[in-house]
Amino acid sequence: MDEQKWLDDMRATYRRYKEYCERAAEQVSDSDFFSSPGENPQSIAILMKHLGGNHRSRWQDFFDTDGEKRDRNRDREFIVKDETRRSIYEKWEEGWQVAFETLDNIDKTDLDRLITIRGEAFSVVEAIQRNLNHVAYHTGQIVYLARQFAGKNWKTLSIAIGKSEEYNSKMREKYGDWYIKEA
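Residues numbered from 1 in each chain as written. Predicted model: local features only at pLDDT ≥ 70, side-chain atom pairs only at ≥ 80, totals over all residues. Heavy atoms only, no water.

## Quick notes on unusual backbone geometry
Residue Asp82 is not a glycine yet carries a positive backbone phi of 70°. Residue placement: Asp82 occurs in the loop between helix 3 (44–59) and helix 4 (85–105). Overall, Asp82 belongs to the exposed group, its relative accessible area being 72%. A positive phi angle, close to 55°, is found at Arg118, a residue other than glycine. On the basis of relative accessibility, which here comes to 48%, the residue Arg118 falls in the partly exposed class. (Helix = DSSP H or I, 4+ residues; strand = E, 2+ residues; numbered from the N terminus. Buried < 20%, exposed > 50% of the residue type's maximum accessible area, 1.4 Å probe, protein only.)

As structure tokens, then:
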């Protein structure tokens, strides 16, 4: 495995998930941003606040302190009473800034180092994969909620339905015919 390429890919994937969340969230009204369907409410606002808090805790002083910081109050991340969209975005950006600063400073020689989260030891590779899975899970929730709220006004974040062949044609022009040839 090319460790540097892996790290670069992980960094790019984190940035892509952040962008998906933001592009999805910008498509909903403030009311929908804070709306929680169902009995176990998780609004876009709550999910973004939670990811911001999780990033700040996991990535701050990454090599020197446990990933679950003493000052983190995880349960409060799921309460948005008296919050504004702006206050949520501030927590979101703060967490992502800490994550990106740390990720950008991890070197391939760090990948086998051990860190802890709630006292449990993880290699840096395991910690990144664990956290990225968490981010992907909540990104899917955010995009799903935004899509439901936006309805017919939804602007897709990927290839629009009915546009696959048009997209594939552009990719073949760019990269050549990548379809497997039949024997």
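## Let's talk about the layout of surface pockets
The computed volume of the largest pocket comes to approximately 250 Å³. Considering the residues around the largest pocket, the lining is formed by Lys49, Gly52, Gly53, Arg56, Asp71, Arg72, Asn73, Arg76, Glu77, Lys91 and Glu94. Every element with two or more residues in the lining of the largest pocket is listed here: helix 3 and helix 4. For the lining of the largest pocket, the element with the highest residue contribution is helix 3, accounting for four residues. The residue inventory of the lining of the largest pocket, partitioned by class, reads no nonpolar, three polar and eight charged. (1 Å grid on protein atoms, 1.4 Å probe; cavity = no way out; pocket = protein on both sides within 12 Å on 5 of 7 lines; lining within 4 Å. Points joined across faces, edges and corners; volume = space filled by probe spheres on them. Nonpolar A, V, L, I, M, F, W, Y, C, P; charged D, E, K, R; others polar.)

## Focus: the packing of aromatic side chains
Inspection of every chain in the model, using the stated rule, returns nine aromatic pairs. Relative to Trp59, the ring of Tyr14 has its centre 6.0 Å away and its plane inclined at 85°; by these criteria the two rings are edge-to-face. Linking Tyr14 in helix 1 (residues 3–25) with Trp59 in helix 3, this pair joins segments that are 45 residues apart in sequence. Judged by relative accessible area, Trp59 falls into the buried class, the value being 1%. Aromatic pair Trp92 and Trp96: ring centres 5.4 Å apart, planes at 65°, arrangement edge-to-face. Of this pair, Trp92 and Trp96 both sit in helix 4, four residues apart, which is roughly one turn of the helix. Trp96 matches Trp92 in its accessibility class, with the two residues each being buried. Through pairs of rings, three or more aromatic residues link up here, namely Tyr14, Trp59, Phe62, Phe63, Trp92, Trp96 and Phe100. The aromatic ring of Phe100 is capped on one face by Arg15, whose charged end is 4.2 Å from the ring centroid. The ring of Phe63 is capped by Arg113, whose NZ or CZ atom sits 3.8 Å from the centre of that ring. (Phe/Tyr/Trp six-rings, centres within 6.5 Å; stacked < 30°, edge-to-face > 60°. Lys NZ or Arg CZ within 6 Å of the ring centre and 35° of its normal.)

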